[in-house]
Amino acid sequence: MLKVKGDYSLFFMNAFLSSLVPFLTFLSIVSGSNPQFKLSWPTPNPAYAKGHGYSAFIQKTGPDKPFNSGAFGCVRNNGYKFHEGLDLYPLKRDSKGRAEDSVFSAMEGTVCYVNTNAAHSAYGKYIVLEHSSLKPALYSLYAHLNTISQNIKIGTEVGAAQAIGKMGNTSSGYRIPLERSHLHFEIGLRLTSQFQTWYKKKSFKTENRHGNYSGFNLVGFDPLQFYGQYRQKLVRTPLDYIQSLPVTAIVRVKTNKTPDFASRYPSLSSPKVNNSNGWDVSIGPYGLPVKLSPVSQPIPNNEKNIQILKFDSSLQKNPCRKIITQKGTQLFPTEQLQTYLELMFAL
């Protein structure tokens, strides 16, 4: 088993995997091969790796709330409020009740953003890592930190399971009670490298303090589902996971531009062809772009800039984070999806 310099998150994951060798060997035969990257749990809590349920690691939003209120998806306000990550509670606290758990990088990568001023974001103090060696290059985000490790600076390279900070309850705009200190953890994709250009067009009352790493520009997927497929050896790379996600809608965008999303994530995009003046975007759960394909035939000038080509309403039963709305017999992108498309295509 692998120990990483005294950090036991990867050790616990490996211990769990070893206990399931016969079952996972069968899965690896079916799916092809083992994962080609290391994935670590971001806290010292071994509960998930041991197969325990939500109550053993998820921080719920209040004493009378269900544990899934700290999970990913439409889990808050009776399903009407979306939560883009996992809230993970600490194992250790000091005499005043402050969390003492370290926070670990989920995968090897590079520090691309550090916010040290808790008053500047609802995330509080937070770190964003970019995992450029992966296919595609995911981001991971670690929020509500109490402290950030001194060696964590923009450009710092980190290994999987490396300590990057301490769990806390920092946030702007609302107070997280000390007893609900937790790590907010996300994994996903970044929509654009030109976020400030989009931000300036909007009537926001505050400046963009976070460059391309504002929460508006980050689209997450379910970390538990991702870890689950990794644990079962169903994925070799994150691309296998993303390609396994259901497509809720296919949206055609008329534009002569090649979005930087396509350049940043070539594994999710086909090369642009001559005379192509648009893209078909496959949209996965909660608006996650899972594939971009250039149109093969020019889109006529009289066509709308955004068209809904396909929509599977059975995949949009949850009341929050809807991406398609219907008016009469016509389909339109919701405000949420419209924002994602504006960011991706500089509309």
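### Points about the packing of aromatic side chains
So, point 1. Tallied over the entire structure, the rule returns 28 aromatic pairs.
So, point 2. Relative to Phe 57, the ring of Tyr 48 has its centre 5.8 Å away and its plane inclined at 80°; by these criteria the two rings are edge-to-face.
So, point 3. Assessed through its relative accessible area of 3%, Phe 57 is described here as buried.
So, point 4. By way of ring pairs, the aromatic residues Phe 37, Trp 41, Tyr 48, Tyr 54, Phe 57, Tyr 142, Phe 185, Phe 221, Phe 226, Tyr 227, Tyr 230 and Tyr 241 are connected into one cluster.
So, point 5. Over the face of the ring belonging to Phe 67 we find Lys 60, whose NZ or CZ atom lies 4.6 Å from the ring centre.
So, point 6. Positioned above the aromatic ring of Tyr 48, the side-chain terminus of Arg 231 is 4.4 Å from the ring centre.

### Examining the state of the cysteines
So, point 1. Under the counting rule described, the total for this entry stands at one disulfide.
So, point 2. Across the disulfide, Cys 74 is cross-linked to Cys 320 (sulfur-sulfur distance 1.9 Å). Between Cys 74 and Cys 320, the S-S dihedral sits near -95°, and the bridge is therefore left-handed. Residue Cys 74 is located in strand β1 (residues 73-76), and its partner Cys 320 is located in the loop between β15 (306-311) and β16 (324-327); the two are separated by 246 residues in the primary sequence. Side by side, Cys 74 and Cys 320 carry an identical accessibility label, which is buried.

### Considering the nonpolar core
So, point 1. Within the largest apolar cluster, 69 residues are counted, with the highest numbers of intra-cluster contacts made by Ile 127, Leu 138 and Tyr 142.
So, point 2. The element best represented in this core is helix α7 (residues 335-345), accounting for six residues.
So, point 3. Those residues within four positions of Leu 138 in sequence are excluded, and the remaining contacts are Met 107, Leu 129, Glu 130, His 131, Ile 187, Gly 188, Leu 189, Phe 221, Phe 226, Pro 238 and Ile 242.
So, point 4. Residues Tyr 113, Tyr 126, Ala 143 and Leu 218 belong to the second largest nonpolar core, which totals ten residues.

### What to know about the sheet that holds strand β13 (residues 278-283)
So, point 1. Strand order in the open sheet made by the four strands is β14-β13-β12-β15, with antiparallel pairing throughout. Where the open sheet ends on each side, the last strands, each with one partner, are β14 (289-294) and β15. With direction set aside, neighbouring strand axes in the sheet form an average angle of 20°.
So, point 2. Sheet topology note: the strand β12 (residues 249-254)/β13 ladder contains six bridges and is antiparallel. The residue of β13 that forms the bridge with Val 251 is Val 281.

### A word on helix α4 (residues 223-231)
So, point 1. The element α4 is largely enclosed, with a buried count of eight among its nine residues.
So, point 2. Those residues of α4 not exposed but buried are Pro 223, Leu 224, Phe 226, Tyr 227, Gly 228, Gln 229, Tyr 230 and Arg 231.
So, point 3. Measuring from the side-chain oxygen of the N-cap residue of α4 to the backbone nitrogen of Leu 224 gives 3.0 Å; that N-cap residue is Asp 222.
So, point 4. Once α4 ends, the next one or two residues include Lys 233, with phi positive near 60°.

### Re the pattern of salt bridges
So, point 1. One pass over the structure, following the stated rule, counts nine salt bridges.
So, point 2. Note that Arg 76 and Asp 87 form a salt bridge whose closest N and O atoms lie 2.8 Å from each other. Of this pair, Arg 76 sits in strand β1 while Asp 87 sits in strand β3 (residues 86-88), and the two are eleven residues apart along the sequence. Neither residue differs from the other here; Arg 76 and Asp 87 are each classed as buried.

### Structural notes on the pairing of β1
So, point 1. The sheet contact formed by β1 and strand β2 (residues 81-83) spans three bridges and is antiparallel. Paired with Gly 73 across the bridge in β2 is His 83.
So, point 2. Between the antiparallel neighbours β1 and β2 lie four residues, among them Asn 77 with a positive phi of about 50°.

### Here's the deal with unusual backbone geometry
So, point 1. With an omega of -5°, the peptide bond between Lys 135 and Pro 136 qualifies as cis.
So, point 2. On the secondary structure map, Pro 136 appears in the loop between β6 (125-131) and β7 (138-148).
So, point 3. Here Lys 233, not a glycine, exhibits a phi torsion of approximately 60°, which is positive.
So, point 4. By the element assignment, Lys 233 lies in the loop between α4 and α5 (238-244).

### Looking at α7
So, point 1. When you tally the buried positions in α7, you get eight out of eleven residues, the bulk of the element.
So, point 2. When α7 is considered as a whole, its buried residues turn out to be Leu 337, Thr 339, Tyr 340, Leu 341, Glu 342, Leu 343, Met 344 and Phe 345.
So, point 3. Immediately downstream of α7, the backbone of Ala 346 shows phi near 55°, a positive value.

Calculation rules
Residues numbered from 1 in each chain as written. Predicted model: local features only at pLDDT ≥ 70, side-chain atom pairs only at ≥ 80, totals over all residues. Heavy atoms only, no water. Phe/Tyr/Trp six-rings, centres within 6.5 Å; stacked < 30°, edge-to-face > 60°. Buried < 20%, exposed > 50% of the residue type's maximum accessible area, 1.4 Å probe, protein only. Lys NZ or Arg CZ within 6 Å of the ring centre and 35° of its normal. Disulfide = S-S within 2.5 Å. Helix = DSSP H or I, 4+ residues; strand = E, 2+ residues; numbered from the N terminus. Core = buried A, V, L, I, M, F, W, Y, C linked by side-chain atoms within 4.5 Å. Contact = heavy atoms within 4.5 Å. Pairing = 2+ DSSP bridges. Axes fitted to C-alpha atoms, helices over the stretch in contact; angles between N-to-C directions. Polar contact = N/O pair within 3.5 Å; in protein donor to acceptor, adjacent residues only side chain to side chain. Salt bridge = Lys/Arg side-chain N within 4 Å of Asp/Glu carboxyl O.

Note that every value here comes from positions in space, so none of it alone points to a role or purpose.
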